[in-house]
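A closer look at the structure
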Amino acid sequence: MAVTASIRDSSSNAVRAALTGGKRDVRGMLFALTLLLCLLGALLVLTVLMWDVIAQAIPVFQKRSTGFLTNDLNSSPDKAGVSQGIWGSLMIAMFVVLLAFPVGIAAGVYLEEYAKPSRFNAFIRLNIRNLAGVPSVVYGILGLVVFVQGLDWLTGGRSVISAGITLAILVLPIIIITTAESVSAVPSGLREAGYGVGGTRWETTRDHVLPYAAPGILTGTMLAVARALGEAAPLLLIGAITGRLASVQGQSLVEKMQGKFTTMPIVVYGWANEVNKPGEITGLTFEQLNSAAIVVLLVMVLALNAAAILLRNRFERNRQG
Amino acid sequence: MNQQQSNLEEHYPMADDHIDGVVTADDRVVFTTKDLEVYYGEFRAVREVNLDIKQGEITSFIGPSGCGKSTVLRCFNRMNDLIPSARVNGEVLFRSVNLYDPQVNAVEVRRRVGMVFQKANPFPKSIYDNVAYGPRLTGVKKKGDLDAIVEKSLRDAALWDEVKSRLKASGMGLSGGQQQRLCIARAVAVEPEVLLMDEPCSALDPIATARIEDLMQEIKNKYTIIIVTHNMQQAGRVSDRTAFFTTEVNPESDRRTGVLVEFDKTATIFSTPSDERTEAYVSGRFG
């Protein structure tokens, strides 16, 4: 009796020892630590960058207030403003929304939902992926040759129309790919349910596939707009104005869109090349103005993303039923 | 076991009436397959299926995995069309019209031959909109008409009492068994002649399964039902006729092809099958 008890005791102790005494997972902890350090490093760089930009921009908004947003480009840092850049960037965003959204979404839905899988289909997909990786300056050449020179009777040459169409083409592959991926992620059970009650392909796509894929499609389209807003290289080729852009009074919208233009990234690029001499009245430099322009561009992109997130949340609520 | 036995006894006399009774005219045949074969690309999934499905009966397809029973079921409403590589040989006659005739519109077929899937797949919409979706597609617009259809369908699916107070709630919020009954309500809302059920209870607990089985008995006068099931007891409990499928290995390619072994009254399949493979399967010796 005593013997059994002692055996049970010792075996219970042995189990306790085995269960509690295991080696610490040193490698796992090191790995987690490395991940954390990488994250903190990235955040640090971002914070320093943002701080530098915002600290320089604050005096501009204090001394110039809204004049900075409403003035035209000018050689004096006391008068220069970003209104033309904001207008140009908004126009480009509009072209992307009006041209690239419908074409890109339609192409993506066709590729995934309608086209039969074939070698040709796979070839097209591969090439769209490649197009998404083509350097943007190459699209600038395309825009220069086709829209600025070839179609100048329509676009007015070096105009915001040429720039808008070029950037719409630039972001088209991104929209097609994200749309196709969102559509392919729709559960097949949902399609079967739609077809099962006698829905046609169009009805099933419209009522079930597209609503389910909408949040993903929206994310892709907003990434595309943000990308277009940030592009500078192709616009330099197309001929966005970096120096002084005189605004002509009394132009119609069409004339304005066919005329000379600039955008926010181009304004930033142009001011970076200006002589860094303080203005006589405000004492502001172009370097500070540039930081303020970057803040304006960031706010535009952030506002777009916020709108996209709000919309996506709404679509996702609908997905729950 | 006893429970099952009594169920069988209760059930079969009525079933026999159906099968051996006076009404044996051809208009009771809903589906006839003639040398039906389905290929996925080069692979022949099932070969030479010949069977008749009779109106007002529950027909079950049983057999081991990969024997082609679901594949055959999905031929009855052209669901295989959704699989790009699938190809169908032979004929599937629905009221003597070949469903695979090039002039036949698959959408019209599916409005007459509804389907309930293995995994309950309600739309991410309200309970009401789930059921009303099919009728809306066919052109029912008036709210009063839709309300009546929704109530009738949910009653048919034995779900009305549980959901009548929350028709606007999401169909995704129901329990698994309720979701599956919602899918049945959605399928019957377009008043199909036939209901195809592809392992409708495989994800459900025994209580939810029993509810669906009771439901099948209640609605089989209105809808001819074909059910694929892995559960032999279920086939024995609910169906009038049973088709047993199995796989045959092709000695040349080592690929497995499904084949219909035996098709008969359920009582015969489970008591005195004529093929020894059926006997081995239903007695649990393989599969």
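The next thing to look at is the overall build of chain B. Along its length, chain B carries eleven helices and ten strands. Taking all 287 residues of chain B together, 43% fall into the buried category. Taking all contacts inside chain B whose residues are at least 6 apart in sequence as the whole, residues at least 24 apart take part in 70%.

Take the confidence of the model for chain B next. Residue and element names in this part refer to chain B. When pLDDT is averaged along chain B, the result is 84; 90% of the residues meet or exceed 70. Confidence drops under pLDDT 50 across residues 1–25; counting only partners more than four residues distant or on other chains, this segment forms twelve contacts. Of the two predicted TM-score estimates for the complex, the pTM is 0.80 and the ipTM is 0.81.

For an interface, size is often stated in terms of accessible area lost upon the parts coming together. Taken together, the contact between chain A and chain B spans 18 residues of the former and 24 residues of the latter. For the side of chain A that touches chain B, the leading source of residues is helix H9 (residues 188–196) of chain A, giving seven residues. Of the residues assigned to the side of chain A that touches chain B, the class counts are five nonpolar, eight polar and five charged.

Residues and elements named next belong to chain B. The two faces of strand E6 (residues 113–116) match: Val113 and Met115 on one face and Gly114 and Val116 on the other face are all buried. One ladder, built from four bridges, connects E6 with strand E7 (residues 194–198); its direction is parallel. When the bridges of E7 are listed, glycine 114 appears paired with leucine 195.

Let us now look at the packing of H9(A) against helix H10 (residues 201–230) of chain A. Residue and element names in this part refer to chain A. Where H9 contacts H10, the two axes come as close as 9 Å, and the packing angle between them is 155 degrees. Of the possible angle classes, the one that applies to H9 and H10 is roughly antiparallel. Crossing angle aside, the handedness with which H9 passes H10 is right-handed. Note on element contacts: H10 touches H9 through Glu203, Thr204, Asp207, His208, Val209 and Tyr212, opposite Leu190, Arg191, Gly194 and Tyr195. In terms of residue class, the contact of H9 with H10 is built from four nonpolar, three polar and three charged.

What the ten strands build is an open sheet, ordered E5-E4-E1-E2-E10-E9-E3-E8-E7-E6 (chain B); its pairing is mixed. The sheet is open, and its two borders are formed by strand E5 (97–98) and E6 of chain B, each paired with just one other strand.

This part takes up the environment of Leu218(A). Residues and elements named next belong to chain A. Along the chain, leucine 218 falls in helix H10. For leucine 218, a count of 22 C-beta atoms within 10 Å gives the class buried. Each C-alpha atom of the pair leucine 218 and alanine 308 lies 6.7 Å from the other, and the pair is 90 residues apart in sequence. Contacts of leucine 218, omitting those with residues within four sequence positions, involve Ala308, Leu311, Arg312 and Phe315.

Conventions used here
Residues numbered from 1 in each chain as written. Chains lettered and ligands numbered in written order. Predicted model: local features only at pLDDT ≥ 70, side-chain atom pairs only at ≥ 80, totals over all residues. Helix = DSSP H or I, 4+ residues; strand = E, 2+ residues; numbered from the N terminus. Buried ≥ 20, exposed ≤ 12 C-beta atoms within 10 Å, placed from the backbone. Contact = placed C-beta atoms within 7 Å. pLDDT = per-residue confidence, 0-100. Nonpolar A, V, L, I, M, F, W, Y, C, P; charged D, E, K, R; others polar. Pairing = 2+ DSSP bridges. Axes fitted to C-alpha atoms, helices over the stretch in contact; angles between N-to-C directions. Parallel < 35°, antiparallel > 145°, perpendicular 65-115°, else oblique. Left-handed = near helix turned anticlockwise from the far one by under 90°.

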